[in-house]
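# Reading the structure
As a plain string of letters, each chain reads:
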Amino acid sequence: MQLDDIAKVLVVERDAFTMPWSEQAFLNELGKNPFANYQVIETHGQIVGYGGMWIVMYEAHITNFAIHSSFRGHSFGKELFQAMLDEAVKYGVKKSHVRSTR
């Protein structure tokens, strides 16, 4: 994800969450957080989802993950999540945590 992507990411964010992050939150993550790593997934030039994580030492913590409702069910989430895992491995991540909120 780049600064130029934020407006399009906000469309996904507002579609996916009842309490979406603000533009400023994304600006802070991309511009001021050295641990932040964010990726987008596109189809036909349109951003349809994004995921973010903090990579701290040998751990990756997912901060947010969303696919626009119009594009769910087409494996975009699976593809994006795999790309995030691959990125984490590049940074030497060796530990993962899975916690359900249910």
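Here, every reference points to the structure presented above.
In this report, the structure presented in the accompanying data block is examined. (Residues numbered from 1 in each chain as written. Predicted model: local features only at pLDDT ≥ 70, side-chain atom pairs only at ≥ 80, totals over all residues. Heavy atoms only, no water.)

## Comments concerning the sheet that holds strand E1 (residues 36-43)
The test is simple: In this description, strands pair whenever DSSP reports at least two bridges between them. Numbering of helices and strands starts at the N terminus; helices are DSSP runs of H or I of at least 4 residues and strands are runs of E of at least 2. Here, axes are lines fitted to C-alpha atoms. For helices the fit covers the stretch in contact, and angles between N-to-C directions go from 0 to 180 degrees.
Taken together, the 3 strands give an open sheet; going across it, the order is E1-E2-E3, and neighbouring strands pair in antiparallel fashion. Of all strands in the sheet, those bounded by a partner on one side alone are E1 and strand E3 (59-67). In this sheet, adjacent strand axes meet at a mean angle of 20 degrees when their direction is disregarded. Where strand E2 (residues 46-56) and E3 come together, 8 bridges link them in antiparallel fashion.

## A short note on the nonpolar core
Keep this limit in mind: Buried Ala, Val, Leu, Ile, Met, Phe, Trp, Tyr and Cys residues that are joined via side-chain atoms within 4.5 Å together make up what is termed a nonpolar core. The cut-offs for exposure are 20% and 50% of the maximum accessible area for each residue type, with area from a 1.4 Å probe on protein chains only; residues under the lower value are buried, those over the upper are exposed, and the others partly exposed.
In this structure, Ile41, Val48, Met53, Ile55, Ala60, Ile67, Phe71, Phe76, Leu80, Met84, Ala88 and Val93 together form the largest nonpolar core, which totals 12 residues. With 4 residues, the single largest contributor to this core is helix H3 (residues 76-90). By size, the runner-up hydrophobic cluster in this structure holds 10 residues, among which are Met1, Leu10, Tyr38 and Ile47.

## Re a nonpolar patch on the surface
Stated formally: Every patch collects residues that have over 30% relative accessible area and no salt bridge, joining them within 9 Å if they carry like charges and within 5 Å if they are nonpolar side chains (Val, Leu, Ile, Met, Phe, Trp, Tyr). Areas reported here follow the Shrake-Rupley algorithm with a probe of radius 1.4 Å; residue values treat only the protein chains shown as occluding. We count a salt bridge whenever a side-chain nitrogen from Lys or Arg sits within 4 Å of a carboxyl oxygen from Asp or Glu.
On the surface, a nonpolar cluster with roughly 250 Å² of combined accessible area is contributed by Ile62, Phe81 and Leu85. Within the fold, isoleucine 62 resides in strand E3.

## Details of the packing of helix H1 (residues 6-16) against helix H2 (residues 23-32)
Inclusion rule: Any angle from 65 to 115 degrees is called roughly perpendicular, while one under 35 is roughly parallel, one over 145 is roughly antiparallel, and all others are oblique. Less than a right angle of anticlockwise turn of the near helix away from the far helix marks a crossing as left-handed, whereas a clockwise turn marks it as right-handed. Throughout, a contact is declared for two residues whenever any of their heavy atoms are within 4.5 Å. Under the scheme applied, nonpolar residues are Ala, Val, Leu, Ile, Met, Phe, Trp, Tyr, Cys and Pro; charged residues are Asp, Glu, Lys and Arg; polar residues are all the others, including Gly.
Viewed as axis vectors pointing N to C, H1 and H2 meet at an angle of 125 degrees, and their least axial separation amounts to 10 Å. Regarding the angle of H1 to H2, the classification is oblique. Judged by the twist between their axes, the crossing of H1 over H2 is right-handed. Each of Ile6, Val9, Leu10 and Glu13 in H1 lies in contact with H2, whose residues at this interface are Glu23, Phe26, Leu27 and Leu30. The class makeup of the residues in the contact of H1 with H2 is 6 nonpolar, no polar and 2 charged.

## Observations regarding the packing of aromatic side chains
Note the threshold: Between 30 and 60 degrees the pair is tilted, below 30 it is stacked and above 60 it is edge-to-face, where a pair is any two Phe, Tyr or Trp rings, Trp via its six-membered ring, whose centres lie within 6.5 Å.
Tallying each qualifying case throughout the model produces 5 aromatic pairs. Arranged with centres 6.5 Å apart and planes meeting at 80 degrees, the rings of phenylalanine 26 and tyrosine 38 form a pair that is edge-to-face. A residue pair is termed long-range when its members are at least 10 positions apart, and phenylalanine 26 in helix H2 and tyrosine 38 in strand E1 qualify at 12 residues. Taking relative accessible area as the criterion, phenylalanine 26 reaches 0% and is therefore assigned buried. A network of ring pairs unites the aromatic residues Trp21, Phe26, Tyr38 and Tyr50 as a single cluster.

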